[in-house]
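Geometric and topological summary
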Amino acid sequence: MTPGSSFDDRLQDWLEDGPTDAPHEVLDTVLAAVPSIPQRRGAWRTPWRVLPMFGFARALAGVAIAVGLGTALFFVLRPTPGGVGGEASPSPSAAIVAPPTAIESPVATAPTPSPAATAPTPSPAATAAAPCDLANLEARITMWEGAAGHRIAHVELTNAGFEACVIQAKLRPQLVDGNRSILIDGAAPAAPNPLLAVAPGGVLKTLVQDGNYCGPAPVAPVSVAFVLADGSHVRAAPVSPTDATVPPCLGSGFKADIEMQPWAP
């Protein structure tokens, strides 16, 4: 056997036996890659290997096929830069680094001023020029009525002056006789005790209740007086000049009492 024929025979044997002896994973990879390799066809699109191959030409074809398979295996099975079977890591130069964003410091703003405390709207009493003058006040009892051992006086107070004035809603009441002797003395008014405005010619009304008078017989006429804030007194005109009626005595061991309701228009 000549060297050429021996080489041809070995190559032919390798080509015939090699594909079946190669590892399965290699064969699968090569078989999957071979269809994607473009084949050059003749100008007249003649089928591949139409002409019979003999001798040395067949050997050259085998070598070409072997080289092609080896090249395909190299590109298919070569390790990637990121590791076997892994994706290639981007190079540091390819990474796009965003410029650092400047952190804006908060702008100091002046605190919003709180709304100024608004003063309460003055009432008509607060806008009056001055407290009522005793000389301009006229009080009178319009009627008496009795209830459960007590007497109740209906009293009217009129501002006879030419200007508005203010007076406390409650005053210190007293039951007095014709000699201005105090028969029953009331207590000072408790807080709150707002001021009331009285227009010129204006009238305020109240009820005064007294009870348990056990003293000597009064001198007519019996009436009601009011102690103002400055200590002065205004005495209500009696129902009649002869009225000397006082509340009944409910027991000397009990204290006499007198009180008024707040003035009201």
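Above this text is the structure in question.
Described in the following lines is the structure provided in the data block. The model shown is predicted, which means the values in this text are computed figures rather than measured ones.

1. Let's talk about the sheet that holds strand β5 (residues 182-185)
If you walk across this open sheet you meet the four strands as β5-β4-β8-β9, and the pairing is antiparallel. The open sheet has two edge strands with one neighbour each: β5 and β9 (233-235). When strand polarity is set aside, the average angle formed by the axes of neighbouring strands in this sheet is 30°. Sheet topology note: the strand β8 (residues 223-227)/β9 ladder contains three bridges and is antiparallel. Looking at the pairing, Phe226 lines up with Val234 of β9.

2. Structural notes on the state of the cysteines
Enumeration according to the criterion identifies two disulfides in this entry. Residue Cys132 pairs covalently with Cys165 via a disulfide, S to S 1.9 Å. Taking the torsion about the S-S bond as the criterion, the Cys132 to Cys165 disulfide, at about 80°, is right-handed. One end of the pair, Cys132, is in the loop between α3 (55-77) and β1 (137-147); the other, Cys165, is in strand β3 (residues 165-168), with 33 residues separating them in the sequence. When sorted by exposure, Cys132 lands in the same class as Cys165, which is buried. For Cys214, the disulfide goes to Cys249, at an S-S distance of 1.7 Å. Between Cys214 and Cys249 the disulfide shows an S-S torsion of about 85°. By sign, it is right-handed. Taken together, the positions of Cys214 in the loop between β7 (203-211) and β8 and Cys249 in the loop between β9 and β10 (257-260) put the pair 35 residues apart, joining distant regions of the chain. Shown here for the protein is a disulfide pattern of 1-2, 3-4, where each number marks a bonded cysteine counted in sequence order.

3. Points about the nonpolar core
Ranked by internal contacts, the top residues of the largest apolar core, which has 27 residues, are Val155, Ile167, Leu175, Val208, Val224, Phe226 and Trp263. Examining the composition of this core, we find that four residues originate from one element, β1, more than from any other. Among residues more than four places away in sequence, those in contact with Val224 are Ile141, Trp144, Ala153, Gln174, Leu175, Val176, Val208, Val234, Arg235 and Ala236.

4. Regarding the pattern of salt bridges
Where charged atoms from two side chains of opposite charge come close, those side chains can pair. Scanning all chains against the criterion turns up two salt bridges. In this structure, Arg140 and Glu156 form a salt bridge, with 3.4 Å as the shortest nitrogen-oxygen distance. Taken together, the positions of Arg140 in strand β1 and Glu156 in strand β2 (residues 150-159) put the pair 16 residues apart, joining distant regions of the chain. Arg140 gets classed as partly exposed once you look at its relative accessible area, which sits at 44%. The partner of Asp185 in a salt bridge is Arg172, and the shortest N-O contact between them spans 2.5 Å. A residue pair is termed long-range when its members are at least 10 positions apart, and Asp185 in strand β5 and Arg172 in strand β4 (residues 172-176) qualify at 13 residues. The exposure class assigned to Asp185 is partly exposed, which follows from its relative accessible area of 33%.

5. Description of the packing of aromatic side chains
Throughout the structure, instances matching the rule amount to one aromatic pair. Note on Phe226 and Trp263: the rings are 5.2 Å apart at their centroids and 55° apart in plane angle, and the pair reads as tilted. Remark: Trp263 occurs in the segment after β10 and Phe226 occurs in strand β8; sequence separation between them is 37 residues. When the ring centre of Trp144 is taken as origin, the NZ or CZ atom of Arg151, which lies over that ring, is 4.0 Å away.

6. What about the pairing of β4?
When you tally the buried positions in β4, you get four out of five residues, the bulk of the element. When β4 meets β5, the two strands line up antiparallel, connected through three bridges. Its bridge partner being in β5, Leu175 is matched across the sheet by Ile184. Where β4 folds back on β5, the antiparallel hairpin that results is connected by five residues, among which Arg180 adopts a positive phi of roughly 65°.

Each value, and the rule that gives it
- Starting afresh in each chain, residues are numbered from 1 along the sequence in its written order.
- Per-residue local features of the predicted model are confined to residues with pLDDT of at least 70, and side-chain atom pairs are confined, for both listing and counting, to 80 or more; whole-chain, interface and lining totals are unaffected and use all residues.
- Excluded from the side-chain calculation are hydrogens and water; included are all heavy atoms of the structure.
- Two strands qualify as a pair provided that DSSP identifies no fewer than 2 bridges between them.
- Helix numbers and strand numbers start at the N terminus; a helix is a DSSP run of H or I with at least 4 residues, a strand a run of E with at least 2.
- In this analysis, axes come from line fits to C-alpha atoms, helices being fitted only over the stretch in contact, and the angle between any two N-to-C directions falls in the range 0 to 180 degrees.
- For this text, the term disulfide refers to a pair of cysteine sulfurs within 2.5 Å.
- For every residue, the accessible area obtained with a 1.4 Å probe (protein chains only) is divided by the maximum for its type, and the residue is called buried under 20%, exposed over 50%, and partly exposed between those limits.
- Only buried residues count toward a nonpolar core, which is a set of Ala, Val, Leu, Ile, Met, Phe, Trp, Tyr and Cys residues joined through side-chain atoms within 4.5 Å.
- The criterion used for residue contact is that any of the two residues' heavy atoms lie within 4.5 Å.
- Here, a salt bridge means any side-chain nitrogen of Lys or Arg that lies within 4 Å of a carboxyl oxygen of Asp or Glu.
- Ring pairs are drawn from Phe, Tyr and Trp, using the six-membered ring of Trp, whenever the two centres fall within 6.5 Å, and their geometry is named by plane angle: stacked under 30 degrees, edge-to-face over 60, tilted for the rest.
- The rule for a charge over a ring is simple: NZ of Lys or CZ of Arg within 6 Å of the ring centre, and within 35 degrees of the ring normal.

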